[in-house]
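# Topology and contacts: notes
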Amino acid sequence: MRTTEMLAAHPSEPTMDAKLLSRAIDALAACAQTCTACADACLAEDMVAELRGCIRTDLDCADICATTLRVLTRQTGADVTVVRAQLQACVVACRTCGDECESHAEMHEHCRVCAEACRECEEACTQLLATIA
């Protein structure tokens, strides 16, 4: 990804640790994509009704990650209160989705992969949050 390059090219002084910010943005993009793909894979399973909760948490997490990614990408005039709240919501969404997918991981490989992406994103957002909290 070009995240680090783009952040470095921004004319404003960074408001957050650039390395942690870049890592979080990349993890958010990966998690949003993985959660969307996991929800789609759940829909293709024969036991789709039993995966309804997983599908819901996948889609919620994907949407929250995508929104968080956009909020973090905008560096001009960032409101630290909004950024902090969005990161906190994302940590909760990733933890919830990771837990749900982990409960299906032995039966569905896509859930195992999704749980890993959620854990990585949760960690990246938590580390960034710690620098602005």
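What counts and what doesn't
Residues numbered from 1 in each chain as written. Predicted model: local features only at pLDDT ≥ 70, side-chain atom pairs only at ≥ 80, totals over all residues. Heavy atoms only, no water. Helix = DSSP H or I, 4+ residues; strand = E, 2+ residues; numbered from the N terminus. Rg over C-alpha atoms; globule rule 2.2 N^0.38 Å. Buried < 20%, exposed > 50% of the residue type's maximum accessible area, 1.4 Å probe, protein only. Contact = heavy atoms within 4.5 Å. Areas by Shrake-Rupley, 256 points an atom, 1.4 Å probe, with all protein chains shown as cover. Polar contact = N/O pair within 3.5 Å; in protein donor to acceptor, adjacent residues only side chain to side chain. Expected span 1.5 Å × (residues − 1). Axes fitted to C-alpha atoms, helices over the stretch in contact; angles between N-to-C directions. Parallel < 35°, antiparallel > 145°, perpendicular 65-115°, else oblique. Left-handed = near helix turned anticlockwise from the far one by under 90°. Nonpolar A, V, L, I, M, F, W, Y, C, P; charged D, E, K, R; others polar. Salt bridge = Lys/Arg side-chain N within 4 Å of Asp/Glu carboxyl O.

## Focus on the overall build of the chain
- What the chain contains, in helices and strands, is 5 helices and 0 strands.
- Along the chain, helices (α) and strands (β) appear in the sequence α-α-α-α-α when read from the amino end.
- In terms of C-alpha radius of gyration, the chain reaches 15 Å, essentially the compact-globule figure of 14 Å for 133 residues.
- By its C-alpha atoms, the chain is 50 × 25 × 20 Å across when sized along the principal axes.
- Counting every position in the chain, which comprises 133 residues, the buried fraction comes to 41%.
- Residue pairs in contact within the chain that sit at least 24 positions apart in sequence constitute 72% of those at least 6 positions apart.
- Entry remark: accessible area of the chain is about 7,300 Å², with carbon and sulfur atoms responsible for 55%.

## Quick notes on the side chain of His108
- Tracing the sequence through the fold places His108 in the loop between helix H4 (80–102) and helix H5 (109–132).
- Looking at His108, the relative accessible area reads 5%, which means it is buried.
- At 3.2 Å, the side chain of His108 and the side chain of Glu45 are in polar contact.

## Remarks on the environment of Glu120
- Mapping Glu120 onto the fold places it in helix H5.
- When the C-alpha positions of Glu120 and Leu28 are compared, they lie 9.0 Å apart, and in sequence the two are 92 residues distant.
- Non-local contacts of Glu120, meaning those with residues more than four positions away in its chain, are made with Arg23 and Ala27.

## Comments concerning H4
- Over its 23 residues, H4 runs 32 Å from end to end, which matches the ideal 33 Å to within 8%, given 1.5 Å per residue.
- Residues of H4 that are buried include every one of Val83, Gln86, Leu87, Cys90, Val91, Ala93, Cys94, Cys97, Gly98 and Cys101, and no others.
- Taken together, the buried residues of H4 touch helix H2 (18–44), helix H3 (52–73) and H5.
- With a side-chain oxygen lying 2.9 Å from the backbone nitrogen of Thr81, the N-terminal cap of H4 falls on Asp79.

## A closer look at the packing of H2 against H3
- The interhelical angle for the contact between H2 and H3, taken along N-to-C directions, is 155 degrees, at an axis separation of 8 Å. The angle between the axes of H2 and H3 places the two elements in the roughly antiparallel class. Crossing hand, H2 versus H3: left-handed.
- Here the contact of H2 with H3 is built from residues that sort into 21 nonpolar, 3 polar and 1 charged.

## Things to note about the pattern of salt bridges
- Inspection of every chain in the model, using the stated rule, returns 9 salt bridges.
- Between Asp99 and Arg119 there is a salt bridge, with the nearest N and O atoms lying 2.6 Å from each other. Here Arg119 lies in helix H5 and Asp99 lies in helix H4, a separation of 20 residues in the sequence.
- Residue Glu116 is joined to Arg112 by a salt bridge in which the shortest nitrogen-to-oxygen separation is 2.4 Å. Pair noted here: Glu116 and Arg112 are both in helix H5, with a separation of 4 residues, about one helical turn.
- You can call Arg112 partly exposed: its relative accessible area is 30%.
- Connected via shared salt-bridge partners are Arg95, Asp99, Glu102, Arg119 and Glu122.

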